[in-house]
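# Reading the structure
Each chain is listed here by its residues.
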Amino acid sequence: MYSDLVMDHFSAPRNVGEIEEPDGVGRIGSPECGDVIRLTIKVGDGRITDVKFKAFGCGAAVATSSMATELVKGATLDEALAVTNQTVADALGGLPAQKMHCSNLAADALHLAIEDYLARRDDASGDETACDVGSGDDELPVGRPADEAACDRTGES
Ligand code: FES
């Protein structure tokens, strides 16, 4: 029923655990079976430098998560986003049709972790703009910085 590769990744899963202070987190549950995957990533220079997963699920969920982490470690974000459940299943030498939904979990958790990373990055870059005056108000300089005008969304001049 399962390929040798599936059995290998199930018996000795790679990259199990959780990254401390991750750059992105993806967590997803299967509506079919209730199994859950949590995947954490670390990103540097546009690449996934580390990735770990925890699985509360079947053997196929463990094997596909393990393979997914192996496929994307060191990959660019675009390369990682291109990894689908079919990519993971193919890399494992195939999965039984009734187990394909298990590989969706790994691919979806991976994509969610990347989306979480991108959202955090966008939030962080927003903190550095001249528009962010939400903190330290009493330390704001008297007068108006030249670039603040570009951020004025009230229309006041
Ligand atoms: S049966 Fe739930 S993930 Fe495989």
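Moving on: the overall build of the chain. From N to C terminus, the chain includes five helices and three strands. Moving toward the C terminus, one meets the helices and strands of the chain in the order α-β-β-β-α-α-α-α. The burial tally for the chain puts 31% of its 157 residues in the buried class. In the chain, of all internal contacts separated by at least 6 residues, the share reaching a separation of at least 24 is 61%.

With that settled, the discussion passes to the confidence of the model for the chain. Overall, the prediction assigns the chain a mean pLDDT of 83, with 80% of residues at 70 or greater. The least confident element of the chain is helix H5 (residues 100-127), whose mean pLDDT is 91; the most confident is helix H3 (residues 77-81), at 98.

What follows covers the environment of Phe53. Mapped onto the secondary structure, Phe53 falls in strand E3 (residues 47-56). What makes Phe53 buried here is the crowd of 29 C-beta atoms within 10 Å. Counting along the chain gives 37 residues from Phe53 to Val16, while the straight-line C-alpha distance between them is 5.1 Å. The residues touching Phe53, leaving out its near neighbours within four places in the chain, are Asn15, Val16, Ile37, Arg38, Leu39, Ser65 and Thr69.

Once that is clear, we can look at the sheet that holds strand E1 (residues 24-29). Read from one edge of the open sheet, three strands run E1-E2-E3, paired in antiparallel fashion. Two strands close off the open sheet at either side, each with one partner strand: E1 and E3. If you compare each strand with its neighbour and ignore which way they point, the axes differ by 15° on average. The pairing of strand E2 (residues 36-44) with E3 spans nine bridges and is classified as antiparallel. Across the sheet, Thr40 pairs through a bridge with Lys52, a residue of E3. Helix H2 (residues 59-72) rests against E2 and E3 of the sheet, and its axis sits at about 175° to E3.

Turning next to the nonpolar core. Of all hydrophobic cores here, the largest spans 33 residues; its most connected members are Ile37, Ala68, Val88 and Leu110. For this core, the element with the highest residue contribution is H5, accounting for nine residues. Excluding its chain neighbours within four sequence positions, the residues that come into contact with Ile37 are Ile28, Phe53, Ala55, Gly57, Ala61, Ser65, Leu105, Ala106 and Ala109.

Here H2 spans 20 Å end to end across 14 residues, near enough to the 20 Å set by a 1.5 Å rise per residue. The buried fraction of H2 is high, at 12 of 14 residues. In the stretch just after H2, Gly74 is the one whose phi turns positive, near 90°.

What counts and how
- In this convention, every chain numbers its residues from 1, walking through the sequence in written order.
- Where local features are concerned, this predicted model is filtered to residues with pLDDT of at least 70; where side-chain atom pairs are given and counted, the filter is 80 or more; whole-chain, interface and lining totals use all residues.
- Going along the chain from the N terminus, every DSSP run of H or I of four or more residues is numbered as a helix, and every run of E of two or more is numbered as a strand.
- Three exposure classes are used. Buried residues have 20 or more other C-beta atoms within 10 Å of their own C-beta, exposed residues have 12 or fewer, and partly exposed residues fall in between, all C-beta atoms being placed from the backbone.
- The contact criterion used is a C-beta to C-beta distance within 7 Å, with each C-beta placed from the backbone.
- Here pLDDT means the predictor's own confidence in every residue, given as a number from 0 to 100.
- Two strands pair under a simple rule: DSSP has to find at least two bridges between them.
- To get an axis, fit a line to the C-alpha atoms, keeping to the stretch in contact for a helix; angles then go from 0 to 180 degrees between the N-to-C directions.
- We define the nonpolar core as any set of buried residues of the types Ala, Val, Leu, Ile, Met, Phe, Trp, Tyr and Cys, connected via C-beta atoms lying within 7 Å of each other.
- In this scheme, a helix's expected span is set at 1.5 Å multiplied by one less than its residue total.

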